[in-house]
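The residues making up each chain are set out below.
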Amino acid sequence: MSTAPPLKNTTPPPKKVNRIGLEVLNYKGSKTTLCAGCGHNSISERIVECFYELGVEPWSVAKFSGIGCSSKSPAYFLGLSHGFNGVHGRMPAIATGALLANKNLLGVGVTGDGDTASIGIGQFMHLVRRNLPMIYVIEDNGVYGLTKGQFSATANVGSTLKTGTVNELPPFDCCALALKWGATFVARSFSGDKKQLQAILKTAIAHKRLSVIDVISPCVTFNDHQGSTKSYSYMKDHESMLHDLDFVPFFEEIAVDIPEGEVTVVEMHDGSHLRIRKLDRDFDPTNRLAALEALEDAETKGEVLTGVLYVNTSKPTFLEQLNLADEPLSTLAESKIRPPQAVLQQAMEELR
Ligand SMILES: Cc1ncc(C[n+]2csc(CCOP(=O)(O)OP(=O)(O)O)c2C)c(N)n1
Ligand code: SF4
Ligand SMILES: [Mg+2]
């Protein structure tokens, strides 16, 4: 008599969900069409992880971009969010309008070094000046990837194209410009540094003010050769980390004893904490002039400085300055946004 084989447990394992009950799948977008190995793909992956881990409602996010390989990438993350792919270099104007209309949205802009520092430099200046509350990620590869690799305005002097053409024009440093013009969170990272980029993105989500994050993101097809200063190997040899970062979300505060002097803790707007652990130098990320000096110093030494350069959690945002009603303009009843007949009449009388 044969015995029946033991029954297999066919119950599927429970699905892993975040604090709002969503799976990581709910934070993904379409399959990428960018080149395999492009730094922009790594940044999309970090965005998916950070929004999932922090339990942000995807439908409360509005994604904005311009034109470029980088600007295509919002299609590859947060597929349940709102999105607007604008004209080349004009994303800040679109984001400003959308966030003014609905101040409850969390704005996430993804742009390229061409989209921001070349054609879009004027729009970028005004975005920074206004401290529009949004996350603004520059996927910086030093070239116009989408149009086959011409130098952008962030290409370093002396860097070369694959053809051997040498760049002779000085670059814009988007972090230095953001610091100068008044951004309230300024950071630089590298698409290949998962831990640092995650901590920076999560801090930006908690910041609720303008966060400018310049991420060196190599273009493997047009700017990853010897002679490029935005390649994987250049970053490996020239990255200089300001500090070690650790982000603790407000819903996960763990009381640990931190030896005094080793870690600086910055409390973010939503009660989360950024823990900054000193490496080989003293650096105060609340000192704007020190940040500018550190960038200058790194440039002189030929280093690429990464980390959180500056945080200011108190400067009012553009929306706060406008003193808007609590209810977003987009959902205010028409009776509230339309002046009554008598007021219109009075205005007409005054114009007579
Ligand atoms: C008004 C306008 N000018 C020029 C172009 C051509 N163009 C498309 S993408 C691009 C540059 C993209 O470079 P970047 O923003 O660095 O993105 P990447 O592709 O490198 O990620 C240019 C010049 C355009 N689409 N629209
Ligand atoms: S061309 Fe460059 S920037 Fe564009 S997808 Fe390919 S590797 Fe990325
Ligand atoms: Mg580019």
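For the structure itself, consult the block above.
Thresholds applied
For every chain, the first residue of the written sequence is number 1, and numbering continues from 1 onward in sequence order. Key to labels: chains lettered from A, ligands numbered from 1, both in the order written. With the structure being a predicted model, the display of local features is reserved for residues of pLDDT at least 70 and the display and counting of side-chain atom pairs for 80 or more, all residues being used for whole-chain, interface and lining totals. The basis for every side-chain value is the complete set of non-hydrogen atoms in the structure, without hydrogens or water. If even one non-hydrogen atom of a residue comes within 4 Å of a molecule or strand, that residue is called near it. Note that Gly is not counted as nonpolar here; it falls among the polar residues with everything else outside the nonpolar set of Ala, Val, Leu, Ile, Met, Phe, Trp, Tyr, Cys and Pro and the charged set of Asp, Glu, Lys and Arg. Excluding water, the donors of a metal are its N, O and S neighbours within 2.8 Å, or within 3.2 Å for Na, K and Ca, and that exclusion means sites may look incomplete. The secondary structure listing takes helices from DSSP runs of H or I that are at least 4 residues long and strands from runs of E that are at least 2 residues long, numbered from the N terminus. Working definition: with a 1.4 Å probe on protein chains only, accessible area under 20% of the residue-type maximum means buried, over 50% means exposed, and in between means partly exposed. To pair, rings of Phe, Tyr and Trp, with the six-membered ring standing in for Trp, must have centres within 6.5 Å; the planes then decide the type, stacked if under 30 degrees apart, edge-to-face if over 60, and tilted in the middle. Whenever a nitrogen or oxygen atom comes within 3.5 Å of another N or O atom, the pair is scored as a polar contact, on the condition that within protein one atom can donate a hydrogen and the other can accept it, and that pairs from neighbouring residues in sequence are kept only if both atoms are in side chains. When checking whether two residues touch, look at their non-hydrogen atoms; a contact exists if any pair is within 4.5 Å. Strands qualify as paired when DSSP identifies two bridges or more between them. To get an axis, fit a line to the C-alpha atoms, keeping to the stretch in contact for a helix; angles then go from 0 to 180 degrees between the N-to-C directions. As defined here, a cavity is a set of points on a 1 Å grid over the protein atoms alone where a 1.4 Å probe fits but cannot get out. A pocket is an open set with protein on both sides within 12 Å along at least five of seven lines, and residues line them when an atom is within 4 Å of a point. Grid points are joined across faces, edges and corners, and a volume is the space filled by probe spheres set on the points.

**Section: the site of ligand 2**
Reasoning step 1: Around ligand 2, the neighbouring residues are L34, C35, C38, H40, C69, N141, G145, C219, V220, T221 and F222.
Reasoning step 2: Residues that form the shell around ligand 2 fall into these classes: seven nonpolar, four polar and no charged.

**Structural notes on the coordination of the magnesium ion (ligand 3)**
Reasoning step 1: Taken together, the protein donors to the magnesium ion (ligand 3) comprise D113 (OD), N141 (OD1) and V143 (O), at separations of 2.1 to 2.3 Å.
Reasoning step 2: Sequence spacing among the residues donating to the magnesium ion (ligand 3) works out to D-x27-N-x1-V. One end of the pair, D113, is in helix 4 (residues 113-118); the other, V143, is in strand 5 (residues 143-144), with 30 residues separating them in the sequence. In this pair, the class of D113 matches that of V143, namely buried.

**Focus on the packing of aromatic side chains**
Reasoning step 1: All told, the structure shown has five aromatic pairs when counted by the stated rule.
Reasoning step 2: On the numbers, 6.2 Å between centres and 70° between planes, the contact of F124 with W181 is edge-to-face. Of this pair, F124 sits in helix 5 (residues 121-130) while W181 sits in helix 6 (residues 174-181); the two residues are 57 residues apart in sequence, bridging distant segments of the chain.
Reasoning step 3: Classification of F124 by relative accessible area gives buried; the value is 0%.

**Topic: the site of ligand 1**
Reasoning step 1: Near ligand 1 lie 17 residues; those nearest to it are C69, S70, G114, D115 and G145.
Reasoning step 2: In this structure, an oxygen atom belonging to ligand 1 sits 2.8 Å away from a main-chain N or O atom of C69.
Reasoning step 3: Here an oxygen atom of ligand 1 sits 3.0 Å away from a polar atom, N or O, in the side chain of D113.
Reasoning step 4: Those elements that provide at least two residues to the shell around ligand 1 are helix 2 (69-72), helix 4 and strand 5.
Reasoning step 5: For the shell around ligand 1, the element with the highest residue contribution is helix 4, accounting for three residues.

**With respect to the environment of V186**
Reasoning step 1: Mapping V186 onto the fold places it in strand 7 (residues 185-190).
Reasoning step 2: For the pair V186 and H243, spaced 57 residues apart in sequence, the C-alpha separation works out to 14 Å.
Reasoning step 3: Discounting residues that sit within four places of it in the chain, V186 has contacts with C175, A178, L179, V212, G307, V308, L309 and Y310.

**Examining the sheet that holds strand 13 (residues 304-311)**
Note: strands within a sheet are paired through backbone hydrogen bonds, in either parallel or antiparallel orientation.
Reasoning step 1: Taken together, the eight strands give an open sheet; going across it, the order is 2-1-3-4-8-7-13-9, and neighbouring strands pair in mixed fashion. A single partner strand is all that each edge strand has here, and the edge strands are strand 2 (82-85) and strand 9 (239-241). Neighbour-to-neighbour, the strand axes of this sheet turn through a mean angle of 20°, independent of strand direction.
Reasoning step 2: As paired strands, strand 3 (residues 106-112) and strand 4 (residues 134-140) are joined by six bridges and run parallel to one another. Within strand 4, the residue paired with T111 across the bridge is I138.
Reasoning step 3: Taken strand by strand, helix 5 contacts strand 4 and strand 8 (211-216), and its axis lies near 145° from that of strand 4.
Reasoning step 4: In the packing of helix 7 (residues 194-207) onto the sheet, contacts are made with strand 3, strand 4, strand 7, strand 8, strand 9 and strand 13, and the angle to strand 7 comes to roughly 155°.

**Let's talk about the pairing of strand 8**
Reasoning step 1: Strand 8 sits mainly inside the fold: six of its six residues count as buried.
Reasoning step 2: With six bridges joining them, strand 4 and strand 8 adopt parallel strand pairing. Opposite V137, over in strand 8, you have I213 as the bridge partner.
Reasoning step 3: Note that strand 7 and strand 8 share six bridges and pair parallel.

**Regarding the sheet that holds strand 12 (residues 273-278)**
Reasoning step 1: In space, the three strands of this open sheet follow the order 10-12-11, with antiparallel pairing throughout. A strand with exactly one partner marks an edge of an open sheet, and here the two such strands are strand 10 (243-248) and strand 11 (263-267). Adjacent strand axes in the sheet meet at a mean angle of 20°, parallel and antiparallel pairs treated alike.
Reasoning step 2: The sheet contact formed by strand 10 and strand 12 spans six bridges and is antiparallel. Along strand 12, the bridge assignment pairs F247 with L274.
Reasoning step 3: Contacting strand 10 and strand 12, helix 7 runs over the sheet at an angle of about 50° to strand 10.

**Description of the layout of surface pockets**
Reasoning step 1: Of the voids in this model, the largest pocket is the one considered here, and its volume is about 550 Å³.
Reasoning step 2: Around the largest pocket, the lining comprises 25 residues; the ones closest to its centre are N156, P171, D173, R188 and E299.
Reasoning step 3: Secondary structure elements with two or more residues in the lining of the largest pocket: helix 6, strand 8, helix 9 (288-301) and strand 13.
Reasoning step 4: In terms of residues, the lining of the largest pocket owes the most to one element, helix 9, which gives five residues.
Reasoning step 5: Residue classes in the lining of the largest pocket are distributed as 13 nonpolar, four polar and eight charged.
Reasoning step 6: Approximately 380 Å³ is the volume found for the second largest pocket.
Reasoning step 7: Along its surface, the second largest pocket is lined by 17 residues, and K103, N104, L105, P133 and K208 are the ones closest to its centre.
Reasoning step 8: Counting residues per element, the ones that place at least two in the lining of the second largest pocket are strand 3, strand 4, helix 7 and helix 10 (318-321).
Reasoning step 9: Taken together, the residues of the lining of the second largest pocket sort by class into nine nonpolar, four polar and four charged.

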